[in-house]
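Residues per chain are reported as follows:
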Amino acid sequence: MDCIRKKVKEEVERGRTGSDHGCPYHPSHFIGQDCTFCFCPFYPCEDARFGKFIESRRGRDVWDCSDCLFIHRSEVAGFVLDEIRRTGFEECGDERMDEIFSDAKEKFWRRGRALMVLGATSDAGKSVTVAALCRVLHRRGFVTAPFKSQNMSLNSKVTRTGSEIAMIQALQAQAAGLKNTDYHMNPILMKPKGDMVSQVVVEGKPFADYDVSSYYSEFVPGPGREAVKRNIDFLLDRYDVVVMEGAGSPAEINIYDSDIANMQAAVIADAYCLLVVNAEWGGSFAYALGTVELIPENDRKRIKGIIINNVRGDTGKMRSGADELERMLGIPVIGIVPHADVKLPSEDSESFRNSRTVGTGSMRIAVVKFPRISNFTDLDPLFLEDTAVVFADRPEEFDGADAIVLPGTKNTISDLEWMKENGIAAKILSMKGKVPIIGLCGGYQMMGSLLSDPKGIEDGRPSETQGLGFFDNVTSWERYEKCVRQERGKIIATGGEVTGYEIHMGGTEVRERPLFSIEGFSGNADEGSVREDEMLFGTYLHGVFDTQDFRRYFLSFVKGGHNAPESVDYNEYVDWNLDKLADVFEEALDMDKVMEIIGAVR
Amino acid sequence: MRVLFLGTSSGAGKTTVSAMYCRYLARKGVRVAPFKASNLSLNSYATSDGGEIGIGQAFQAMASGAVPATDMNPILLKPSGNGRIQVVLNGMPYADITDDTPLDIGIATAEACKAYDRLRERFDAVVCEGSGSPAEINLRGRDIANVGMMRERNIPSVLVGDIERGGVFAALYGTWKLIPEGQRGLLKGFIINRFRGDPTMLGSGIASIEEITGMKCLGILPYADLRFPEEDSLSNSGGRMSGKDASSAYLENLDSLIAEAERCGFDFEALKRIAEG
Ligand code: SF4
C-alpha cells in the first residue's frame, strides 16, 4: 500500500498526462484513455461496479482493477487530480480520499445505455452495423462496448485473459477502440461439433455440450439467462454505451420464449432496438414488416428504428417503400445504407459459401475446404498479398496451386477421413516438395504420422488414424481438455515476428524441428514443425498470417519467389476498413435520431 | 389448372419448386407448361423457333416434358451494363430501357397475359413463377410477374420462404400483408424451403402463420444439397452436375427432390386443389 501511495504522490506532482503514448503498455484499456493515474488513488476501492477480488498466486485475495475504466476517463482523472491538489496530497487521508471518490462517482458515474441491433435474418448485416456504430460512437468520444449474448461461430479469438470469444465481437471491440476485449462481450459461444451437437462456451470456458432441444430446455432458462444478465450488467456499469447484437431473427415465433439472444436480452438490458434488413435478396420491406409485427406488442415497443442495409445502386429508389413502411409501422426508417465495399473478416457464411476464389493475385493458394472447417478468417490476411485464395473441395482444384493450406477444423479425424476418401489427401501428397504446404491447428495435426483418440474425445468413437505423414508427429486426445492461449514469438529461421493464439483439443508430441520460439513467463518454448527443404510447415497458432513477417516467410517458398508489394500491417488495414465502414453508416444514418434513441446525449 | 409460386426473396427456391411441380404433374400424365411473365436474367436459351427465353423456363420446360417456347417467358430483361436493359418481348429484341425510359408496363402486361392465355389453351396446367419478391412496395405498379399476373388473371398463389437465413415466419407474414388487399385472398398456401433439423420444432410457428393469414402450409422441404442450374444472378451455385448430360441429371435431381418431399409429407393433394380452385 505504501508503494502505491508513493506512486500516486508522484502522479499528483506530475499532473495531467492525457493519453500517455510513451508507455509500453499503452493503451491498456481503450484508445484515448487518460493515463494521469496509472496507479489509482482509491485503491482498493472495493466497489464491485469497477473491480473485483481475485485470488493472487500466493492464495490471498487481491483487488483487481484490470476492467476498471473509471479513473481512465479524462473528466474523472481531471476532477480527482484537482481535488487532491486542492486538499494537498499529504492531507488526503483515507477519509478525504473516500469523499473525493464518492463525489467523483456522483458527478461522473452513471449506468451506461444499451442499444440493440436486431436483424430480420442471419446475414442481415447486424454485425457490421454494430461494428460501424461502435466506431462512430468511439470517434464521438463515447466509451463503447459491443455485446452479443450468444454466438454460433466457427471463428473464435482468444482474449488477454485466455478466454475464447467470437471473432466478430473481437472485431467490433477493435472498432470501439477497446484494448481490454474479454468474454463479457460474448458470454455464450456455441461451437457446432456436428450431429446437431454444439459445445457451449460460457464466459470464455467450455461449459458443456448440448443438442438443440436440451440447449433450449436446460441451458437457456438457467445458466444461459444468468450469464447474459451478469455480463450485460458488467458492461453497463463500465461503459457509456453497449451496442448489442441480436442473433438470427428475433421473430422466430416457434422459439420466442426461449430466445435469449434477442428481445429477452433487450429487456434485460432495457435496450431500445434497431432492426436491420438486407436489401440484397429482395423482400426487405416484407421482412421488416413481418419481423416487427410478429414480435409481441410489449417487446415491439422497443424497436425504435429500421435500417435498410446493403442497397446496391441508387438508395433513393427505396425511399417510397421506406415511407410507406414507416406509415404502416409507426417506426422511422433511420437509414438506407448503400452496399459498403469494405474488406473485413467475415462471419458471413453465405458469402463464404458462394465465393470459391477470393482475390485475383498471381499466387494461387489452395485452401482445403473441410466440411467442418473452422477459423477460416485465419486466411484473411493472405488476401493482402498478391494472391488468389481458392477454397477447394475437389482434388482437381489443387492443380496449379502455388501453395496449399490445411486450415483448422472442428473435427480433425472426420475431416481427415473425408479428405482421404475424396482423393484430396492423395493429391496433396503428390504435391509434397513441389509447393509449400502449411497446416494450421487441425490441419497441422493431420500432417503428422498418427492421430490417436483412444477415448473418442475428438470423434465420439475411439480411433487410431494414419496422418498424412508429412511430419513424424503423433497427436493424441487423452483427456477432455482444451488449450487456449495467446502467444507472441519469433520465426526461428528468420527471427521475424509472429503472433497468434492456440485453441485446440488434443496434444501433439513433436518429433520435428520447431517453427517458432514462443516467449513465455519461464523462458522460451518451441512451437510448430518445419521441414524447409520439403517446404512443409505446421503450427497450432491461429492468426499466424497476421504478421507480415510470417506471411512473407511462407510465401517466399512459392516458386518464382515472392516480390513483395508495399508492406501492410493487417491490424492497420482492418482499422482503415472499419473507418471506411463507419463513414458509410454515419453518412447514411440519421445519427441525431440514433443518439436520441440511445439517450446518450452527454 | 394453374398456380403461381412466389418467393419471399430472390433465391427463396421458387424456380426449383416450380420445376419440381412441373415434373410432378408431367409424371402423372398432365400436359403442363411453365410460365414466368418477366424474367431478369443474363442467361437465355434459344427456342427452336429462334426466340429467346430465360434459361430457368427452358429447364422447367424440360421438367414438364414440353418444348421450350417463347410464351413460357414472354418478357426477358437482359442487363447490358451502364444501367441499360435490353427487353426481349415474345422472344425477340424489343427495346432498350433505362431508368429514364422505362418499360411501358401496360403493353408488357398485356403481352404477358396473351402469352399466358395461349399456354392455358394449349396445356392442362400452367405452373407460373413469380419474380423476386412480390412485396417490393417501392416498385408497386411496376410489377408484372407477381401481383400483376394475380390481378390480371386471378391465379391462385403459393409463397415459398427460405428458412436457411432465418426469419421465415416474418417473411411469410410480411409478404402476405404487403400484397394489395384485392389480391391477398389469392394467397392460398406457403412452403418452407431449405430446412435442416427436426421439423416438429416449427409446429407452433406454422400454426400461428396459418391462423393469422389463412394460408395453408403445404410442407417443409428439407435442405437438399442438389445443384440446379439457376438463372438467378444471385445464386452462383454454378449448376454443377458432374459427368452426366445436363438434362438427365436435372430430371434425376427433380425426382429425388419429389421423393424427399413426399417422404417429408409434402401435401401435393392440397396443392392440386389450390391449382384447380
Ligand atoms: S477498481 Fe477502479 S476506482 Fe477502484 S481502485 Fe481500482 S482503478 Fe481505482
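What counts and what doesn't
Residues numbered from 1 in each chain as written. Chains lettered and ligands numbered in written order. Predicted model: local features only at pLDDT ≥ 70, side-chain atom pairs only at ≥ 80, totals over all residues. Heavy atoms only, no water. Helix = DSSP H or I, 4+ residues; strand = E, 2+ residues; numbered from the N terminus. Rg over C-alpha atoms; globule rule 2.2 N^0.38 Å. Areas by Shrake-Rupley, 256 points an atom, 1.4 Å probe, with all protein chains shown as cover. Lys, Arg positive; Asp, Glu negative; His and termini not counted. Charge placed at Lys NZ, Arg CZ, Asp CG, Glu CD. Contact = heavy atoms within 4.5 Å. Buried area = accessible area lost by both parts, 1.4 Å probe. Salt bridge = Lys/Arg side-chain N within 4 Å of Asp/Glu carboxyl O. Polar contact = N/O pair within 3.5 Å; in protein donor to acceptor, adjacent residues only side chain to side chain. Nonpolar A, V, L, I, M, F, W, Y, C, P; charged D, E, K, R; others polar. pLDDT = per-residue confidence, 0-100. Expected span 1.5 Å × (residues − 1). Core = buried A, V, L, I, M, F, W, Y, C linked by side-chain atoms within 4.5 Å. Buried < 20%, exposed > 50% of the residue type's maximum accessible area, 1.4 Å probe, protein only. Pairing = 2+ DSSP bridges. Axes fitted to C-alpha atoms, helices over the stretch in contact; angles between N-to-C directions. Domains from an automatic or database assignment.

A word on the overall build of chain B
Secondary structure assignment for chain B yields nine helices and 12 strands. At 18 Å, chain B has a C-alpha radius of gyration in line with the 19 Å of a compact globule built from 277 residues. On the principal axes, the C-alpha backbone points of chain B span a range of 50 × 45 × 35 Å. Entry remark: accessible area of chain B is about 10900 Å², with carbon and sulfur atoms responsible for 49%. Side-chain charges of chain B comprise 30 positive and 33 negative groups, with the mean position of each set lying 2 Å from the other.

Things to note about the interface of chain A and chain B
At the junction of the two partners, chain A supplies 35 residues and chain B supplies 34 residues. Interface area, chain A with chain B, both sides summed: about 2800 Å², of which 56% is carbon and sulfur. Summed over the three residues of chain A that lose the most area to chain B, namely Asn254, Trp281 and Tyr287 of chain A, the buried surface amounts to 21% of that side. Inspection of the chain A/chain B interface yields two salt bridges. The closest approach of N and O atoms between Lys177 of chain B and Glu293 of chain A, which form a salt bridge, is 2.9 Å. Linking chain A with chain B are nine residue pairs in polar contact (both at pLDDT 80 or more), by the criterion used here. Within the residue set of the side of chain A that touches chain B, elements represented by two or more residues are helix 8 (284-294), helix 10 (319-329) and helix 11 (349-354) of chain A. Take the side of chain A that touches chain B: its biggest share by element is nine residues, from helix 8 of chain A. Looking at the side of chain A that touches chain B, its residues break down into 15 nonpolar, 12 polar and eight charged.

Here's the deal with the confidence of the model for chain B
Residues and elements named next belong to chain B. Considering every residue of chain B, the mean pLDDT works out to 89; 92% of them sit at 70 or more. Note that pLDDT drops below 50 for residues 230-244; the model gives that stretch 34 contacts with residues more than four away or on any other chain. As a predicted assembly, this complex carries a pTM of 0.83 together with an ipTM value of 0.91.

Side note on helix 4 (residues 126-139) of chain A
Counted at 1.5 Å a residue, the expected span for helix 4 of chain A with its 14 residues is 20 Å, and the 20 Å between its end C-alpha atoms agrees. Just downstream of helix 4 of chain A, Gly141 of chain A is the residue with a positive phi angle, here 90°.

Looking at the nonpolar core
Counting residues in hydrophobic clusters, the biggest one holds 158 residues, and the most contacted among them are Met244 and Ile308 of chain A together with Ile192 of chain B. If you tally residues by element for this core, the top one is helix 6 (residues 212-238) of chain A, at nine residues. Discounting chain neighbours no more than four positions away, the residues touching Met244 of chain A are Ala114, Leu115, Met116, Val117, Val130, Phe147, Ile232, Ala265, Ala266, Ala269 and Ala271 of chain A.

Quick word on the sheet that holds strand 7 (residues 85-89) of chain B
Residues and elements named next belong to chain B. In spatial order, the strands read 3-6-7-8; together these four strands make up an open sheet with mixed pairing. Both edges of this open sheet fall to strand 3 (38-40) and strand 8 (92-97), since each of them pairs with a single strand only. Neighbouring strand axes in the sheet, compared pairwise and without regard to direction, differ in orientation by 25° on average. Of the pairings in the sheet, the one linking strand 3 to strand 6 (residues 75-79) comprises three bridges and is parallel in character. Along strand 6, the bridge assignment pairs Asn39 with Leu76.

Observations regarding the domain arrangement of chain A
Entries for chain A in the domain assignment read domain 1 (2-108), domain 2 (113-151 + 166-182 + 224-339 + 579-598) and domain 3 (349-568). The gap between the C-alpha centroids of domain 1 of chain A and domain 3 of chain A is 45 Å.

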